[in-house]
Amino acid sequence: MNYQVIYLESIDSTNSYLKLLCREDIIEEGTVILAGYQSNGKGQGTSTWHSSQGMNITMSVLFRPMIRVLGHFSLSEFISLSIIDCLKHFGINGAIKWPNDIYVENKKIAGILVENSIVGDKIVQTVAGIGLNVNERNFPEYIPNPVSMAMILQRNIEINKVLDVLTDNLSCKYEFIKQPGNILHGQYNEKLFRREIQCSFQSENEKFQGTILKVKKSGALVIRKQDSEVCSYMHGEVKMVID
Ligand code: BTN
């Protein structure tokens, strides 16, 4: 797939802008909106996404996957793995904190916001928002545990180089999501943050200790609780507590 990058110095949110463009115009698959600054960057749920002017990658990419809704999690998988491989290219070993945060050791380096449009049982449009901390070194206090590529590598990195590697990876891995034996699911599980390590979780009604066993193709997280009971959770039903 070919990417066409539209750079905007400042916008409220690249996801919102790309969705708006799609409503008003015929936009090609592979269109990338890259912002120097977002005045209202959106995170998962009600959270926001902070990024100082010109310091990081804040972008949204348009896909028209035409896959069944049941396979929606493969979108999170291919985007997460594209970021993981991009970090690896620069010598950084990342992990995927379920469902799609990218961590380096115990700190968050990237976040993903996937917004799908569905017609019938097909995902006809995906706006994939990616926030990757590249050269930011001073994060606001309210962000729990942030890190950037520059903080890890102790040098600044050219944002365009990161962008090239990332879009190449996205292009390459996107091809796999439609294949029946999609190899990305196994790779996603291999890169899972704190897999097979006991840690704390918070669900709606309890805090508990458990061990992540795997993530199912549906995107459900499978945890073995301390009493050996095995439970599956969908996105939003449980949170890992990072201590
Ligand atoms: C999260 O971890 O909560 C998801 C963060 C996603 C942030 C990116 S930055 C580019 C794109 N535009 C937005 O408004 N959000 C996503």
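Now for a look at the structure at hand.

Definitions and cut-offs
Residues numbered from 1 in each chain as written. Predicted model: local features only at pLDDT ≥ 70, side-chain atom pairs only at ≥ 80, totals over all residues. Heavy atoms only, no water. Helix = DSSP H or I, 4+ residues; strand = E, 2+ residues; numbered from the N terminus. Rg over C-alpha atoms; globule rule 2.2 N^0.38 Å. Buried < 20%, exposed > 50% of the residue type's maximum accessible area, 1.4 Å probe, protein only. Contact = heavy atoms within 4.5 Å. Areas by Shrake-Rupley, 256 points an atom, 1.4 Å probe, with all protein chains shown as cover. Lys, Arg positive; Asp, Glu negative; His and termini not counted. Charge placed at Lys NZ, Arg CZ, Asp CG, Glu CD. Pairing = 2+ DSSP bridges. Axes fitted to C-alpha atoms, helices over the stretch in contact; angles between N-to-C directions. Near = heavy atom within 4 Å. Polar contact = N/O pair within 3.5 Å; in protein donor to acceptor, adjacent residues only side chain to side chain. Nonpolar A, V, L, I, M, F, W, Y, C, P; charged D, E, K, R; others polar. Core = buried A, V, L, I, M, F, W, Y, C linked by side-chain atoms within 4.5 Å. Salt bridge = Lys/Arg side-chain N within 4 Å of Asp/Glu carboxyl O. Arc of directions from axis to C-beta. Parallel < 35°, antiparallel > 145°, perpendicular 65-115°, else oblique. Left-handed = near helix turned anticlockwise from the far one by under 90°. Disulfide = S-S within 2.5 Å.

## Comments concerning the overall build of the protein
A count of helical and extended segments in the protein gives five helices and 13 strands. A globule of 243 residues ought to have a C-alpha radius of gyration of about 18 Å, and the protein, at 18 Å, matches this closely. By principal-axis analysis of the C-alpha atoms, the protein measures approximately 55 × 45 × 30 Å. Looking at the protein as a whole, 52% of its 243 residues qualify as buried. Taking as baseline every contact in the protein between residues at least 6 positions apart, the subset at least 24 positions apart corresponds to 63%. If you sum the accessible surface of the protein, you get close to 12000 Å²; carbon and sulfur atoms cover 48% of it. For the protein, the distance from the average site of its 25 positive side-chain charges to the average site of its 26 negative ones is 4 Å.

## Quick look at the sheet that holds strand β9 (residues 198–203)
Ordered in space as β12-β11-β10-β9-β13, the five strands form an open sheet in which the pairing is antiparallel. Looking along the sheet, the strands with just one partner apiece sit at the ends: β12 (230–233) and β13 (238–241). Each strand of the sheet is rotated relative to its neighbour by a mean of 50°, with strand direction disregarded. Here β9 runs beside strand β10 (residues 207–215); their pairing, made up of five bridges, is antiparallel. What sits directly across from Ser 200, in β10, is Gln 209.

## Describing the site of the ligand
Residues in contact with the ligand amount to 21 residues; listed here are only the nearest, Ser 13, Gln 38, Lys 42, Gln 44 and Lys 108. Lys 108 is positioned with one of its side-chain polar atoms (N or O) 2.6 Å from an oxygen atom of the ligand. If the ligand stood free it would expose 410 Å²; the protein chains cover 98% of that surface. Elements supplying a minimum of two residues to the shell around the ligand: α1 (14–24), β3 (57–63), β7 (107–119) and β8 (122–132). Residue composition of the shell around the ligand, grouped by class: five nonpolar, 13 polar and three charged.

## Regarding the nonpolar core
Soluble globular proteins tend to pack their nonpolar side chains together in the buried interior. Counting 60 residues, the largest nonpolar core has Met 59, Ile 83, Leu 132 and Met 149 as the members making the most contacts within it. Examining the composition of this core, we find that nine residues originate from one element, helix α2 (residues 73–89), more than from any other. Beyond its immediate sequence surroundings of up to four residues, Ile 83 is in contact with Ile 102, Ala 110, Ile 112, Ile 130, Leu 132 and Leu 166. Counting residues in hydrophobic clusters, the runner-up holds ten residues, among them Ile 11, Leu 18, Leu 21 and Ile 27.

## A short note on the pattern of salt bridges
One pass over the full model with this rule turns up nine salt bridges. One salt bridge in this structure joins Arg 68 and Asp 121, with 3.4 Å as the shortest N-O distance. Placement of Arg 68 in strand β4 (residues 67–68) and of Asp 121 in the loop between β7 and β8 is noted, with a sequence separation of 53 residues between them. For the salt bridge of Asp 85 with Lys 173, the shortest nitrogen-to-oxygen distance reads 2.8 Å. Placement of the pair is Asp 85 in helix α2 and Lys 173 in helix α4 (residues 159–174), with a sequence separation of 88 residues.

## Focus on α1
Within the sequence span of α1, burial applies to Thr 14, Asn 15, Leu 18, Leu 21 and Cys 22. For α1, the arc enclosing every buried residue in end-on projection is 125°, short of the 170-degree limit, so these residues lie on one face. Among the exposed residues of α1, those oriented more than 90 degrees off its buried face are Arg 23 and Glu 24. You can read the cap of α1 off the contacts: a side-chain oxygen lies 3.3 Å from the backbone nitrogen of Asn 15, and it is on Ser 13.

## Regarding the packing of α2 against α4
Two elements in contact, α2 and α4, have axes whose closest approach is 8 Å; the angle formed by their N-to-C orientations is 140°. The pairing of α2 with α4 is recorded here as oblique in orientation. Here α2 and α4 pass one another in a crossing that is right-handed. Across the interface between the two elements, Phe 78, Ile 79, Leu 81, Ser 82, Ile 83, Asp 85, Cys 86 and His 89 from α2 touch Val 162, Val 165, Leu 166, Asn 169, Leu 170, Lys 173 and Tyr 174 from α4. Partitioning the contact of α2 with α4 into residue classes produces ten nonpolar, three polar and two charged.

## A few points about the state of the cysteines
This model, assessed by the stated rule, comprises zero disulfides. Of the cysteine sulfurs around Cys 199, a residue in no disulfide, the closest is that of Cys 231, at 14 Å.

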